[in-house]
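Next come the chains, spelled out residue by residue.
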Amino acid sequence: MENAVSIRELSKVFGKTPVLKALDLDLKKGEFAVVFGPNGAGKTTLLKLISTLIEPTGGSVFVSGFNITEEPEKVRKEIGMLSHDSYLYGDLTAKENLHFFGKMYGINGQELEKRILQLLNEVGLATKADERVSTFSRGMKQRLSIARALLHRPSLLLLDEPYTGLDPGASLVFENLLKSPEFQGSTKLMVSHDLERGFALCDRVLILNKGKFVYDGFKVNFSGFQEFREKCGSMLT
Amino acid sequence: MASNSRKTGVLAVATASVMLLAIYMLFFYLPPIKDEAGEVLSGSFRIFFFHMPIAIISYLAFGVVFAASILYLRDKSLKWDIYARSAAEVGTLFAFLVLVTGSIWAKDAWGWYWIWDLRLTTSLVLFLVYLAYTMLRKALEEPEKRARLSAVFGILGFISVPLSFFSIRLWRSAHPLMFGGNTGGSGGGLEGTALQLTLLVNFIAYFLLFLTLFSVKVQNERMEEELDSRRYAE
Amino acid sequence: MIRSFYIAAKDLKAEFRTKQMLNSMFIFSLLVLVVFSISFGDFLGDTEKVEKLAPGVLWIAFTFAGMLGLSRTFVMETENGCLEALMLCPVDRGAIYTGKILSNLAIVFLMEAVTLPFFIILFNYSLGIGTLLLLLLILFLGTFGFIAVGTLLSALTLGTRTRELLLPVLLLPLLLPVLIPAVEATAGILAGNSIGNLIPEIRLLAVYDLVFFVISHLVFEHVVSD
């Protein structure tokens, strides 16, 4: 079976500073991997490379079989990104925001209407559909941005520090959505500081430090979070 | 490094000697020039012999910026950025000199320091584009981003200059034509080997001056990069 | 291509909801006209002088008011990381540029259309419908070139500390080739010339528009790539 993500010898240099050094990584379809690492380890850079926001200095990345430098548009279609930025336009209503991004991903007409309605229900914003996003509370914005990221049914979800600033309500919505049947099959790659929550959700743990993976293992190898922290805590500094 | 600076040294010596020759020719070799009416032109006419080479080289330098900018965007190697910014710096100097020599000449020939004629105005535009390029570089700190964004501006700027030329020509054309058939107005045709030879030697002199300044600048920038990378390494 | 329209439609929807940019641009251009009209007050009856000065004044008003708007176009995209969201959409970078051009063009052109009657009143012109259409054509060609370069430079200055100051410094030297023929053509039209006499100006404007649109389209990806 084709891997959802396949990274070979990936490196990225900013100016003269190497940020990622010859990374290799394969993610199977449906896998939920979380990348931990100290600040400046290159976690965000890794996500930006996979999502085609920046180009690699060397090596290759394939997402669902598409090369990120050769077919970036096909790659982007596969990806749903949830970042600490909300990616929403304040002057547009919730519905208009979803409409706009839906069309940008090539969803149209009835299908888009249905999809928007369904997602607004799932994130609990159906009654606020026609209100401007700038009037939303932080938590509401976060829930809407979750809906935005899932709109085009991405096969690969990239989660950049999703818990930073996520309020309890939004966290719950988020975790429920991730477990929902619709997204059971999608691959998830999360970058996080929050060891406990990240560990709880994932089935594979990676630790990135100074541009290299220093640990790669499965959750089942540990009896629980305590054991993981004892064994791997030292790699996180 | 050592051989590079020796080459620059040789270049500098060559520049100085050709420059001396050029100045000598300007004052002692060049015969008096008469216009169509047979009257001897004032001495300020000699400015033309270095005004024009400097002007051409100021455009040439921007051509280097343009080419280096395209190459930078193609393979994102900072060496092209060094060429671009060095050429831009020397080019700014030359563009400034064009305006100065042009103004002095204009004052003597027409009684005004500044006239809105085609070539002088185009040179002014070139100078302004150079200034804008420099301002952009100064506003950016991160080397990669600075190189990338100024490359984009370098390309746009280079394309805008010939377009400026055509629009200024449309607007106003009162400059004497130096070559070609139409020699009306206050200028005159340039004929005679002595004149052409003087122009050629001056052109070579200023071209060598450009090369010297450019290679000194490139070397300085390289050393600075070296210093920076060592500082980061520590 | 259709996605460029989506981007433009989204921009216009947001803009017409607040009309922030449109209002401030319009008031600014009106103020410029009024200030010039007052300072020329003594010879507004002198048709010959007015004909020489007014076209330049009109384009000064449009250029500076337009710049006010341009400096804002990408700011709205950065507020919640929306520019990044746009770049994550499955469209090429050029489509984002084109979309932004379309919305800027609509907004600035609208501002100009609303300002124009005030210009005609303040400088005491009486124009026939043919002349007016010709004037709109020149306004469109000039504005397109202005927007093509301005949109790119607006994105380019986004990451600099002195964004609002830098944009005019970079933009104005590049605008010269579009401003000169635009002013010349405007002067020609206001003096009653027919389209036949304006061919050189129109040709230059068209060449500028085309060249800068194509080049900017090509380099835009380098401006927004992080």
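Conventions and cut-offs
Residues numbered from 1 in each chain as written. Chains lettered and ligands numbered in written order. Predicted model: local features only at pLDDT ≥ 70, side-chain atom pairs only at ≥ 80, totals over all residues. Heavy atoms only, no water. Axes fitted to C-alpha atoms, helices over the stretch in contact; angles between N-to-C directions. Helix = DSSP H or I, 4+ residues; strand = E, 2+ residues; numbered from the N terminus. Parallel < 35°, antiparallel > 145°, perpendicular 65-115°, else oblique. Left-handed = near helix turned anticlockwise from the far one by under 90°. Contact = heavy atoms within 4.5 Å. Nonpolar A, V, L, I, M, F, W, Y, C, P; charged D, E, K, R; others polar. Buried area = accessible area lost by both parts, 1.4 Å probe. Salt bridge = Lys/Arg side-chain N within 4 Å of Asp/Glu carboxyl O. Polar contact = N/O pair within 3.5 Å; in protein donor to acceptor, adjacent residues only side chain to side chain. Patch = residues over 30% accessible without salt bridge, like charges linked within 9 Å, V, L, I, M, F, W, Y side chains within 5 Å. Areas by Shrake-Rupley, 256 points an atom, 1.4 Å probe, with all protein chains shown as cover. Lys, Arg positive; Asp, Glu negative; His and termini not counted. Charge placed at Lys NZ, Arg CZ, Asp CG, Glu CD.

Visitor: How should I be thinking about the packing of helix α5 (residues 143-171) of chain B against helix α7 (residues 129-156) of chain C in this particular structure?
Guide: Packed helix pairs are specified by the crossing angle of their axes together with the interaxial distance, meaning the distance between the axes. Orientation of α5(B) relative to α7(C), taken along the N-to-C sense of each, is 160°, at an axis distance of 11 Å. Of the possible angle classes, the one that applies to α5(B) and α7(C) is roughly antiparallel. Note that α5(B) runs across α7(C); the crossing there is left-handed. Where α5(B) abuts α7(C), its residues Leu149(B), Val152(B), Phe153(B) and Leu156(B) lie against Leu152(C), Leu153(C) and Leu156(C). A breakdown of the residues in the contact of α5(B) with α7(C) according to their chemical character gives seven nonpolar, no polar and no charged.

Visitor: Sorry, what's going on with the interface of chain C and chain B here?
Guide: By a widely used convention, the size of an interface equals the accessible area lost when the partners come together. On the side of chain B, 29 residues touch chain C, which itself brings 31 residues to the contact. Between chain C and chain B lies a buried interface of about 2600 Å² when both sides are counted; carbon and sulfur atoms form 79% of it. Run the count over chain C and chain B and you get one salt bridge. Between Arg161(C) and Glu141(B) there is a salt bridge, and its shortest N-O distance comes to 3.6 Å. Here chain C is connected to chain B by two residue pairs in polar contact (both at pLDDT 80 or more). Those elements that provide at least two residues to the side of chain C that touches chain B are α7, α8 (163-190) and α9 (199-224) of chain C.

Visitor: Could you clarify how one ought to interpret a negative patch on the surface in this entry?
Guide: Side chains of Glu55(A), Glu73(A), Asp92(C) and Glu221(C) sit close together on the surface and give a patch of like negative charge. Assignment of secondary structure puts Glu55(A) in the loop between α1 (43-50) and β4 (58-63).

Visitor: Help me understand the packing of helix α2 (residues 47-75) of chain B against helix α4 (residues 118-139) of chain B, please; the structure alone is not making it clear to me.
Guide: Residues and elements named next belong to chain B. Closest axis-to-axis distance for the α2/α4 pair is 11 Å, and the angle between their directions is 40°. If you check the angle between α2 and α4, you find them oblique. For the pair α2 and α4, the crossing hand works out as left-handed. Between α2 and α4, the contacting residues are His51, Ser58, Tyr59, Ala61, Phe62 and Val65 on the first element and Arg119, Leu120, Thr122, Ser123, Leu126, Val129, Tyr130 and Tyr133 on the second. Looking at side-chain class alone, the contact of α2 with α4 contains nine nonpolar, four polar and one charged residues.

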